Amino acid sequence: MSAPPAFLHPFAKPSATEFLRIVSGQGAIVTDDQGRRYVDAMGSLWYCNVGHGRAEIADAVAQQLRKLAAFHTFEMFTNDPADQLCQELVAIAPVPDARIFLTSSGSEAVDSAIKLARLAQAVRGEPQRQVIVSRRPSYHGVTYGGLAVTGLPLNQEHFGAMLPDVVQTPHDDLAAVEVVFAERGDRIAAVIAEPVIGAGGVYPPVPGYLEGLRRLCDEHGAWLIFDEVICAFGRLGAWWGAERFGVRPDLVTFAKAVTSGYVPLGGVVVGGPVRQALEADPDLVLRHGHTYSGHPTACAAGLEALAITRREGLLDRAGKIGERLATGLRSLADDGHIAEARGDGAVWAAGLHPDTDAAAVRDRMLTTGVIARPIGTATVSFCPPLVISDDDVDRCVESLHAAVTELRGSGARSNRT
Ligand SMILES: Cc1ncc(COP(=O)(O)O)c(C=O)c1O
């Protein structure tokens, strides 16, 4: 047995010694160090909307690195790419009068949204509003703020005390949220929800749920935060999930596809009412920010990724990819190979029968050249680049079909997870 490598991998067994070494990518295809090609059915990790190998982004990044790789934006400092990107995001934002706070990841974006929600409540005279309501299942990241509101108990195990004042309700149960508001509506700072739950298992909202959250927040003076780290930038066939479902949030977190992962970047869209609360006192200082908030090279990558998304009509393409994927998965469900197909736009999942293990299915799919992602033991997820070809969408479905046909009832499990 070889020793584990120097790199301690995220979301992996610390004792693991075997890894799949990806060396290059083009479009929806990535290649490993043995020359094997795979359809990247997950846009890497729910982020590579514009596809791999984009020379335009490489050029924009190289140009910015040569001019000014980085300079901080605390206090009075700013830079052109950060200002331009924020202007572009405000122009497409799903809320009027917005401003943009920038981070380097989705977890930082969620922590920032929680802090901004509480701060805005406090400075408008409601400091007792500390409670954040979130859902189970849900995924909001791994920093203590994002982790505390995440509705996946296993991710919190052994990490000690979480942020207090978090209340969780089942993801599809609006009545449960009504009860929380009835009991402590005057102490709720915000509700946080993914328009379509992604890494928590791929669950679209039940009809009326997001509208109900908006109504409850309005009635009780709480902010509505949409965590759009996966949903934004075309994944659901619109710039934002908020737009897709016609519900206006107060704060929106984003990351991932804002640069398609070429350089890490995230942020928070701060809508009019929150912004007004923060701007009301000219002496207030926002004592929150990251070294790399507004990093010019990351923002240059973001500007180019947005330009590609617009130029190539990827919002429209998402709907077509989703329809093809959904049709394939539904036919597997109709034939009894999988228990169900669920999703929206271009993010879908196969719900497996109890006799099939999701990680074993992922392993089997790798051998037929498709990288999908297991969630828990019963879900295999798909979130392909929005440049994937129809043939490669079909390969994803065929690979899943072959894997579940072989594995159903075999008791096979993965030794990777
Ligand atoms: C909805 C959502 N929020 C937050 C995060 C955390 O983002 P990051 O991994 O960039 O910290 C993720 C990551 O998958 C996510 O899907």
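Residues numbered from 1 in each chain as written. Predicted model: local features only at pLDDT ≥ 70, side-chain atom pairs only at ≥ 80, totals over all residues.

A. Quick peek at the overall build of the protein. The number of helices and strands found in the protein is 14 helices and 15 strands. Taking 417 residues into account, the globule formula puts the C-alpha radius of gyration at 22 Å, and the protein, at 21 Å, falls close to it. Judged by the C-alpha coordinates and their principal axes, the protein covers about 65 × 55 × 45 Å. (Helix = DSSP H or I, 4+ residues; strand = E, 2+ residues; numbered from the N terminus. Rg over C-alpha atoms; globule rule 2.2 N^0.38 Å.)

B. Structural view of unusual backbone geometry. Between R136 and the following residue, P137, the backbone shows a cis peptide bond with an omega angle of -5°. With respect to the element layout, P137 can be found in the loop between β5 (131–136) and α5 (144–149). At F11, a position not held by glycine, the phi torsion is positive, near 45°. By secondary structure assignment, the location of F11 is in the segment before β1 (22–26).

C. The arrangement of the pairing of strand β4 (residues 99–103) in detail. For β4, the tally of buried residues reaches four of five residues, placing the bulk of the element in the interior. The pairing of β4 with strand β10 (residues 266–270) spans five bridges and is antiparallel. Directly across from L102, in β10, lies its bridge partner G267. (Buried ≥ 20, exposed ≤ 12 C-beta atoms within 10 Å, placed from the backbone. Pairing = 2+ DSSP bridges.)

D. Here's a closer look at the site of the ligand. Lining the immediate surroundings of the ligand are 16 residues, of which S105, G106, S107, G141 and V229 lie closest. Residue contributions to the shell around the ligand peak at three residues, all from helix α4 (residues 106–123). For the shell around the ligand, the residue count by class is seven nonpolar, seven polar and two charged. (Near = placed C-beta within 6 Å. Nonpolar A, V, L, I, M, F, W, Y, C, P; charged D, E, K, R; others polar.)

E. The pairing of strand β12 (residues 347–351), seen in detail. Across the five residues that make up β12, a large majority, four, are buried. Where strand β11 (residues 340–344) lies against β12, five bridges are found, and the strand directions are antiparallel. Bridge pairing links G343 to W348 in β12. Bridge count for β12 against strand β15 (residues 379–382) is four bridges, and the pairing is antiparallel. Among the inter-strand pairings, A350 is bridged to a residue of β15, identified as V380.

F. Structural detail: the packing of helix α12 (residues 314–334) against helix α14 (residues 390–407). Interaxial distance between α12 and α14 falls to 10 Å at its minimum, and their mutual angle equals 20°. Between α12 and α14, the angle is such that the two are roughly parallel. For the pair α12 and α14, the crossing hand works out as right-handed. Facing α12, whose interface residues are I321, R324, L325, G328, L329 and L332, α14 presents D390, V393, D394, C396, V397, L400 and H401. Residue classes in the contact of α12 with α14 are distributed as eight nonpolar, two polar and three charged. (Axes fitted to C-alpha atoms, helices over the stretch in contact; angles between N-to-C directions. Parallel < 35°, antiparallel > 145°, perpendicular 65-115°, else oblique. Left-handed = near helix turned anticlockwise from the far one by under 90°. Contact = placed C-beta atoms within 7 Å.)

G. View of the sheet that holds β12. Strand order in the open sheet made by the four strands is β11-β12-β15-β14, with antiparallel pairing throughout. Each having just a single partner strand, β11 and β14 (373–375) make up the two edges of the open sheet. The average angle at which neighbouring strand axes cross in this sheet is 25°, direction not considered. Along the sheet face, helix α13 (residues 358–367) touches β14 and β15 and points at about 175° away from the line of β14.

H. Structural context of the domain arrangement of the protein. One can read the domain layout of the protein as domain 1 (22–53 + 314–407) and domain 2 (55–311). Between domain 1 and domain 2, the C-alpha centre-to-centre distance is 27 Å. With 23 residues of domain 1 at the interface, the matching set in domain 2 holds 23 residues. Of all the secondary-structure elements, those providing two or more residues to the side of domain 1 that touches domain 2 are α1 (43–46), α12, β11, β12 and β15. By residue number, the principal contributor to the side of domain 1 that touches domain 2 is α12, which donates four residues. Its residues placed into classes, the side of domain 1 that touches domain 2 shows 13 nonpolar, eight polar and two charged. (Domains from an automatic or database assignment.)

I. Here's a closer look at the sheet that holds β5. In space, the seven strands of this open sheet follow the order β4-β10-β9-β8-β7-β5-β6, with mixed pairing throughout. The open sheet terminates on both sides in strands that have one partner only, identified here as β4 and β6 (166–170). Along the sheet, successive strands turn relative to each other by an average axial angle of 20°, direction set aside. In terms of strand pairing, strand β8 (residues 223–227) meets strand β9 (residues 251–254) through three bridges, oriented parallel. Across the sheet, D227 pairs through a bridge with T253, a residue of β9. Across the sheet, α4 is in contact with β4, β5, β7 (188–193), β8, β9 and β10; its angle to β10 comes to roughly 30°. Taken strand by strand, helix α8 (residues 209–220) contacts β7 and β8, and its axis lies near 170° from that of β7.

J. Highlighting the nonpolar core. Formed by 129 residues in total, the largest nonpolar core has its most connected members in A190, L251, V269 and L400. Each of domain 1 (22–53 + 314–407) and domain 2 (55–311) contributes no fewer than three residues to this core. A190 has contacts with A117, I132, A222, W223, L224 and I225, leaving out every residue within four places of it along the chain. (Core = buried A, V, L, I, M, F, W, Y, C linked by C-beta atoms within 7 Å.)

K. The environment of M162, seen in detail. Residue placement: M162 occurs in the loop between α6 (153–156) and β6. When the 14 C-beta atoms within 10 Å are taken as the criterion, M162 is described as partly exposed. Note: C-alpha distance between M162 and A189 (27 residues apart in sequence) is 17 Å. Residues in contact with M162, not counting those within four places in the same chain, are Y144, L147, A148 and Q156.

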